[in-house]
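What the coordinates show
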Amino acid sequence: MNFLRGVMGGPSAGPQPSGAETIQKLCDRVASSTLLDDRRDAVRALKSLSKKYRLEVGIHAMEHLIHVLQTDRSDSEIIGYALDTLYNVISNDLEEEEQDDSEEENLPKQVDDLGSQFTEIFIKQQENVTLLLTLVEEFDFHVRWPGVKLLTSLLKQQGPQVQQIILVSPMGVSRLMDLLADSREVIRNDGVLLLQQLTKSNAAIQKIVAFENAFERLLDIITEEGNSDGGIVVEDCLLLLQNLLKNNNSNQNFFKEGSYIQRMKPWFEVGDDNCGWSAQKVTNLHLMLQLVRVLVSPTNPPGATSSCQKAMFHCGLLQQLCTILMATGVPADILTETINTVSEVIRGCQMNQDYFASVNAPSNPPRPAIVVLLMSMVNERQPFVLRCAVLYCFQCFLYKNQKGQGEIVSTLLPSTIDATGNSVSAGQLLCGGLFSTDSLSNWCAAVALAHALQENATLKEQLLRVQLATSIGNPPVSLLQQCTNILSQGSKVQTRVGLLMLLCTWLSNCSIAVTHFLHNPANVPFLTGQIAENLGEEEQLVQGLCALLLGISIYYNDNSLENYRKEKLKQLIEKRIGRENFIEKLGFISKHELYSRAAQKPQPSFSSPDHMMFDHEFTKLVKELEGVISKAIYKSSEEDKKEEEVKKTLEQHDNIVTHYKKVIREQDQELEELKQRINTLTSQNEQLQATVTQQVSQIQQHKDQYNLLKVQLGKDTQHHNSHSDTFQMNGIQTEEVSKLKEELEEWKNKHELLQGQLREKDSVIEKLKSSQLEIGTTEQSSQTGKSGGLEHNNELQKELEMLRSQIQLQSAEISKLQMENQKLQVMNTTADPVLGDSSTRAANNSELEGRLEQEIKELKSEVKALSEEKESLKQHLDSSSSTVAILQDEKSKLQQEVAESKKEQDDLLVLLADQDQKLSALKIKLKDLGVPVEDEDDIESGDQGDEDEDGDEEEQD
């Protein structure tokens, strides 16, 4: 105990031991003591010495402390002391140390090396990191919190190595994710810091953390802490989210699919009173805007960026950002970052660009947001960073937005300019900035106007119509002429570079604009004079751009001006400049340092206004044209003629190929229509066949029912015959009944004979009538025949009347006999008791006879109905079979037509193959001549672009 008192500062006699000796004794006590209390006290003493004697504790005690972690896990107190001691040894936090001023310069490097070395010693055995992960799982605060801090310090010192150990450890990352769910805020917040270090530059761990529901937990923490109004915890969560999402396409897609973008909207809900923002709120909102930009960065895959942009529009996030953009009292850095964020949210997304075009600023009268932003861009009193952000926003608004480009250019055309002057348009602001005294405004306006013309030949031609009034009394000049006038006046380098970039973009791929430029006789001498002079380094960039502009005037020259044909311009370069000198000056552009910076990313980011020289899209144009112009300068007139001939031939072949492609497309459409028609007819045929089979099965069922009824009818007839036999044996009066029946049958036969005779008489009468019409050659003979026929007819009518009377008498006698039959039956029923049973049976038999006759009649009627239904079904079957036959005929005709069209298509393909062979031969000739030949895909994309431009021109007209 005296030893411990000495260590803890108690009074002791004799010389004091040194720090190293004390640490050595404490280490021996930790290693050799059998009592847990002694070991705990020794470890606590090492903890108190570890900050002052960091090196000694690290060298002598690390092994013993690791052993304590392995063996004394049952005591949380000693484990906590050991973890704190290791943290003090490994961590580079020196806030509590006091150092002399002379030592502070070299100290940070030594401290970094010391922490890194101790970390290497600790992680040399991977089991130590695994042990630490196990301790972090403990719920005890005195174990878990120092374990989290120690692991965070290890990741800071040797991040990649520790990440790899945790990654291969079973459930290593998942165990650390539980820290976010801890109810103790200290551990939760330090857990966020730990995950920040863990996810740095490791895509595999980032994916695991994301799929362990990290997005949900972090967004919940941000909401609980008050979104942008929260403290430093919100900042830490946002930094962790950036680690998970930046340059990780898988996590970005998971974030979008999980509908987490919708949960970002409340972050940007700012009130009307935007005064007095705290520094933490500014930091939080800045990180939130950066997180939005991570999701829609131009470096992401286009498909992922587009889907995130659409999601931000549909959930109202873009609308919320535009509200901040137009709000008052927003800090300048937040406003700048908001403009950059809106820029990337709308870049290349037509739906978002259309919405942004409709946003108005809350002014009186309301002005479009684009106009308000351009006013800031051309205002030299605005901060440089804000002006760059507005330029980037304008570029993103016009990126792949031909509709927006047309709207901007239309504000410059004479027919759409507001004559009253009440409102300022975007075109007027750009022209004002283009010709202002501020070189930065000149450059920004020139680049913005160049983006309005990017890859749009129609607008390049329309912009030639723009006329500017320079001064009172002088005639107006064109915008193109005014640009060249300012260029020749020798303004600042930045202004000239901006105007030259605008002219190069305007003239490229537009022969009409080249003709207008060359029509001014002062332009070509000015360019040759600029290129030929030997100027300083600052002017070399202008010389290179002048060479590029002159090269564009040669390459896209259609030889419509006799004095400025391609050959004459090349001869002029040869005499005044020299080809080698021209190519050297042209190469100044791509060799410039600022060119390389601008080519890296679309956003204009410059350290100072003096470095603002090149635009990202312009660097693409230079890269595309530099080699082409170099080849065009060295070509002779014969090669140019051959090239033109080859181009004409290629154009003819292209027209033929386009025609055949059109024919093939039409035939393909016809084939598709015929195939669809065949499919519909086939489906109809199948339906009809199914109906026919169903009807056939129904007919078969009816046949079976009919056969069953027939069989039942035969059985009933046999049963009736047996009943009649029994009836004939019932006593004496059955013989009388049979006699009456026989007499009834005789009368019936007589009745039938009489009816037969009556029919014969009728036929004779008809014959006489017909013969009466045929006879009559003379009047006397006809009269004689008539009288004789009439007499005979009268005799026949008399006989007919007699027969009818006889029939009536006979029918009366039949009715009498029937009455007598009924009386006899009644008498039979009322006979003596001896014959009672037989009479009862006879009555029953008669009733049965009546029922059987009624059932037979019903069965006959059913049979008749079934036969009628059978006939109707047969008719329906015949009609459906005829329909099927018609459909089969149509199908065969269509198949024949398809075969003919296929044959025609094969012929066309043979023709196309011949044309392709000719084209390939011509392209080989062109390549031998040194002419750049576009591939077929480029030609088709060019055709498509021309069609799009024609469509835009029609809409504007």
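Please read all numbers here as calculations on a predicted model, not as lab measurements.

Some words on the overall build of the protein chain
For the protein chain, the count of helices and strands is 41 helices and four strands. For the protein chain, with 957 residues in total, the buried portion stands at 43%. In the protein chain, of all internal contacts separated by at least 6 residues, the share reaching a separation of at least 24 is 73%.

Looking at helix α33 (residues 579–586)
Listing the buried residues of α33 in full gives Phe582, Lys585 and Leu586. What you see down the axis of α33 is that its buried residues fit within an arc of 105°, all on one side. In the core, the buried residues of α33 are packed alongside α30 (523–532), α31 (537–555), α32 (566–576), α34 (588–591) and α36 (616–634).

Observations regarding the packing of aromatic side chains
Applying the stated criterion across every chain, the model contains 13 aromatic pairs. On the numbers, 6.2 Å between centres and 85° between planes, the contact of Trp443 with Phe606 is edge-to-face. Taken together, the residues Trp443 in helix α25 (residues 439–453) and Phe606 in the loop between α35 (593–598) and α36 connect sequence positions 163 residues apart. In this structure, Trp443 and Phe606 share a single accessibility class: buried. Put simply, the rings of Phe211, Phe215, Phe254, Phe255 and Tyr260 pair up and form one aromatic cluster. Over the ring of Tyr87 we find Lys149, and its NZ or CZ is 5.1 Å from the ring centre. Here Lys281 stacks its cationic end above the ring of Trp277, 4.7 Å away from the centre of that ring.

Side note on helix α28 (residues 493–507)
Across its 15 residues, α28 extends 21 Å between first and last C-alpha, which sits within 8% of the 21 Å expected from 1.5 Å per residue. Most of α28 sits out of view: 15 of its 15 residues are buried. Asn509 sits one or two residues past α28 and shows a positive phi near 60°.

Let's talk about the environment of Pro366
Within the secondary structure, Pro366 is located in the loop between β1 (360–361) and β2 (367–368). Judged by relative accessible area, which is 55%, Pro366 ranks as exposed. For the pair Pro366 and Ser423, spaced 57 residues apart in the sequence, the C-alpha separation amounts to 9.8 Å. Each residue touching Pro366, except ones within four places of it in the same chain, is listed here: Asn360 and Ala361.

Notes on the pattern of salt bridges
Enumeration over the complete set of coordinates arrives at 24 salt bridges. We note a salt bridge from Arg40 to Glu77, for which the minimum N-O separation is 3.7 Å. Of this pair, Arg40 sits in helix α3 (residues 36–49) while Glu77 sits in helix α5 (residues 76–90), placing them 37 residues apart in sequence. A relative accessible area of 14% places Arg40 in the buried class. Overall, Glu77 belongs to the partly exposed group, its relative accessible area being 37%. Note that Glu138 and Arg73 form a salt bridge whose closest N and O atoms lie 3.4 Å from each other. Note that Glu138 is positioned in the loop between α7 (126–136) and α8 (141–157) and Arg73 in the loop between α4 (54–71) and α5, a separation of 65 residues in sequence. Judged by relative accessible area, Glu138 falls into the partly exposed class, the value being 34%. Here the salt bridges do not stand alone but share partners, grouping Asp37, Arg40, Asp75 and Glu77 into one network.

Rules and cut-offs
Residues numbered from 1 in each chain as written. Predicted model: local features only at pLDDT ≥ 70, side-chain atom pairs only at ≥ 80, totals over all residues. Heavy atoms only, no water. Helix = DSSP H or I, 4+ residues; strand = E, 2+ residues; numbered from the N terminus. Buried < 20%, exposed > 50% of the residue type's maximum accessible area, 1.4 Å probe, protein only. Contact = heavy atoms within 4.5 Å. Arc of directions from axis to C-beta. Phe/Tyr/Trp six-rings, centres within 6.5 Å; stacked < 30°, edge-to-face > 60°. Lys NZ or Arg CZ within 6 Å of the ring centre and 35° of its normal. Expected span 1.5 Å × (residues − 1). Salt bridge = Lys/Arg side-chain N within 4 Å of Asp/Glu carboxyl O.

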